[in-house]
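What follows is the residue order along each chain.
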Amino acid sequence: MVAGLILVPLAYAVLGGFRDNGQIGNSPLGLPDPWVPTNYTEVLASGSFWRQLGNSALIATITTLVTVSFASLAAFAFSRLHFPGRDALFTLFALGLLFPAAVAILPLYILVRGLGLLDNPLGVALPQAAFQLPLTIIILRPFFRAIPLELEDAALIDGCGPLGFFWRVLLPLARPALATVAVLAVVTSWNAFLLPLVVMSNADQWTLPLGVTNFTTQYTSDTARILAFTVLAMIPALGFYVVAERQLVGGLTAGAVKG
């Protein structure tokens, strides 16, 4: 039933993109007759679609790299190192889950403007990475804690310091967890709307969610073309999720067992 609630609207959008407005108006739930592929080909032929696709990919890549890099270092410190206030600091990071980005959108805008990052991919990617750090650290910490202490002792005996152990032993063993948080970071960044809307005023810097909104406004009466654009905008994120689904599910399951 849940799958049906997801797949039926998706199938309607895909098929709707192969129809014209007359077909949709006369038979909203009917099949394309005849099939009209021009809605998709015209979107694919437009330079704005590919530019927005590139912007979304760039921001998602930066967000993911920053999130995974800093979160893995923080999770390593919280799981393997002993220092005063460790648990309190981890609790502070965990509380970040209760602080949505929408609440801080005005201070974020002022900060980004002060740093000169308006209409800049970093102005979106860095705040997104900061808001994804709490969840990423919480997912990674159990994996790092589950690595046996004997491995760390053996690495120290071989002359490998804490950072060497982290880089050479911990990260390779935690690949399922790293893949999990990378998938979550990419999908979350790809679907982000509010922060790019506030930071990106230049149409050349828009991401796909902003492009979908603008396209919907521009072609209000052209339902078929809107459906085609929306479907094409979803394909990259859906494709990435399908490819990485095994790593995502396996990583979350392993984390539940090890934690």
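What you see is a predicted model, and the numbers here were worked out from it, not measured in a lab.

> An account of the overall build of the chain is requested, with residue identities and associated values reported.
When helices and strands are counted, the chain shows 13 helices and 0 strands. Going residue by residue from the N terminus, the α and β elements of the chain occur as α-α-α-α-α-α-α-α-α-α-α-α-α. In terms of overall dimensions, the chain has a C-alpha envelope of 75 × 45 × 30 Å along the principal axes. Across the 259 residues that make up the chain, the buried fraction comes to 40%. Considering only residue pairs separated by 6 or more positions, the chain has 71% of its internal contacts joining residues 24 or more positions apart. When the accessible area of the chain is evaluated, it comes to approximately 14100 Å², of which 71% is carbon and sulfur surface. Within the chain, one finds 12 positive and 12 negative side-chain charges whose respective centroids are separated by 7 Å.

> Give me the packing of helix α9 (residues 162-173) against helix α10 (residues 175-191): which residues, what numbers.
The N-to-C vectors of α9 and α10 enclose an angle of 70 degrees; their axes lie 5 Å apart at closest approach. In terms of axis orientation, α9 runs roughly perpendicular to α10. Along its contact with α9, which presents Leu171, Pro172 and Leu173, the element α10 presents Arg175, Pro176 and Leu178. Among the residues forming the contact of α9 with α10, the class breakdown is 5 nonpolar, no polar and 1 charged.

> Help me get a handle on the pattern of salt bridges, residues and values and all.
On inspection of all chains with the given rule, the structure shows 6 salt bridges. Residue arginine 225 is joined to glutamate 42 by a salt bridge in which the shortest nitrogen-to-oxygen separation is 2.5 Å. In this pair, arginine 225 sits in helix α13 (residues 223-258) while glutamate 42 sits in helix α3 (residues 38-45), placing the two residues 183 residues apart along the sequence. By relative accessible area, glutamate 42 is classed as partly exposed at 38%.

> Just give me the short version of the packing of helix α5 (residues 86-95) against helix α7 (residues 121-146), but keep the residues and values in it.
Running from N to C, α5 and α7 point in directions that differ by 130 degrees, and their axes come no closer than 8 Å. The pairing of α5 with α7 is recorded here as oblique in orientation. Across from Asp87, Phe90, Phe93 and Ala94 in α5, the residues of α7 making contact are Pro134, Ile137, Ile138 and Arg141. Per-class residue counts for the contact of α5 with α7 are 6 nonpolar, no polar and 2 charged.

> Give a description of the confidence of the model for the chain that names residues and reports values.
Confidence in the prediction for the chain averages 87 pLDDT; 93% of positions are at 70 or higher. Mean pLDDT values for the elements of the chain range from 74 in α13 up to 94 in helix α4 (residues 47-80).

> Please set out the nonpolar core residue by residue, giving values where relevant.
Membership of the largest hydrophobic core comes to 25 residues, with the highest contact counts inside it found for Phe76, Ile137, Leu140, Phe144, Phe165, Phe166 and Leu170. Every element with two or more residues in this core is listed here: α4, α7, α9 and α10. Once residues lying within four places of it in the same chain are set aside, the contact partners of isoleucine 137 are Ala71, Ala74, Ala75, Phe78, Phe90 and Phe93. Residues Trp190, Ala224, Val231 and Leu232 belong to the second largest nonpolar core, which totals 20 residues.

> Requested: an account of the environment of leucine 89, with residues and values cited.
Residue placement: leucine 89 occurs in helix α5. Accessibility expressed as a relative area gives 37% for leucine 89, which makes it partly exposed. Taking the C-alpha atoms as reference points, leucine 89 and methionine 234, 145 residues apart in sequence, are found 38 Å from one another.

> So what about the packing of aromatic side chains? Which residues, and what values?
Between two aromatic rings, the relevant description is the distance of the centres plus the angle of the planes. A complete count under the given rule lists 12 aromatic pairs for this structure. Aromatic ring contacts, followed pair by pair, group Phe49, Trp50, Phe215, Tyr219 and Phe229 into a single cluster. Over the face of the ring belonging to phenylalanine 90 we find arginine 141, whose NZ or CZ atom lies 4.1 Å from the ring centre.

> An account of the side chain of serine 79 is needed here, citing residue identities and associated values.
Residue position: serine 79 is located in helix α4. For serine 79, a relative accessible area of 11% translates into the label buried. At a separation of 2.7 Å, a polar atom in the side chain of serine 79 contacts the main-chain carbonyl oxygen of alanine 75. The residues contacting serine 79, other than those within four sequence positions of it, are Arg86, Arg141, Phe144 and Arg145.

Thresholds, definitions, all that
- Residues numbered from 1 in each chain as written.
- Predicted model: local features only at pLDDT ≥ 70, side-chain atom pairs only at ≥ 80, totals over all residues.
- Heavy atoms only, no water.
- Helix = DSSP H or I, 4+ residues; strand = E, 2+ residues; numbered from the N terminus.
- Buried < 20%, exposed > 50% of the residue type's maximum accessible area, 1.4 Å probe, protein only.
- Contact = heavy atoms within 4.5 Å.
- Areas by Shrake-Rupley, 256 points an atom, 1.4 Å probe, with all protein chains shown as cover.
- Lys, Arg positive; Asp, Glu negative; His and termini not counted.
- Charge placed at Lys NZ, Arg CZ, Asp CG, Glu CD.
- Axes fitted to C-alpha atoms, helices over the stretch in contact; angles between N-to-C directions.
- Parallel < 35°, antiparallel > 145°, perpendicular 65-115°, else oblique.
- Nonpolar A, V, L, I, M, F, W, Y, C, P; charged D, E, K, R; others polar.
- Salt bridge = Lys/Arg side-chain N within 4 Å of Asp/Glu carboxyl O.
- pLDDT = per-residue confidence, 0-100.
- Core = buried A, V, L, I, M, F, W, Y, C linked by side-chain atoms within 4.5 Å.
- Phe/Tyr/Trp six-rings, centres within 6.5 Å; stacked < 30°, edge-to-face > 60°.
- Lys NZ or Arg CZ within 6 Å of the ring centre and 35° of its normal.
- Polar contact = N/O pair within 3.5 Å; in protein donor to acceptor, adjacent residues only side chain to side chain.

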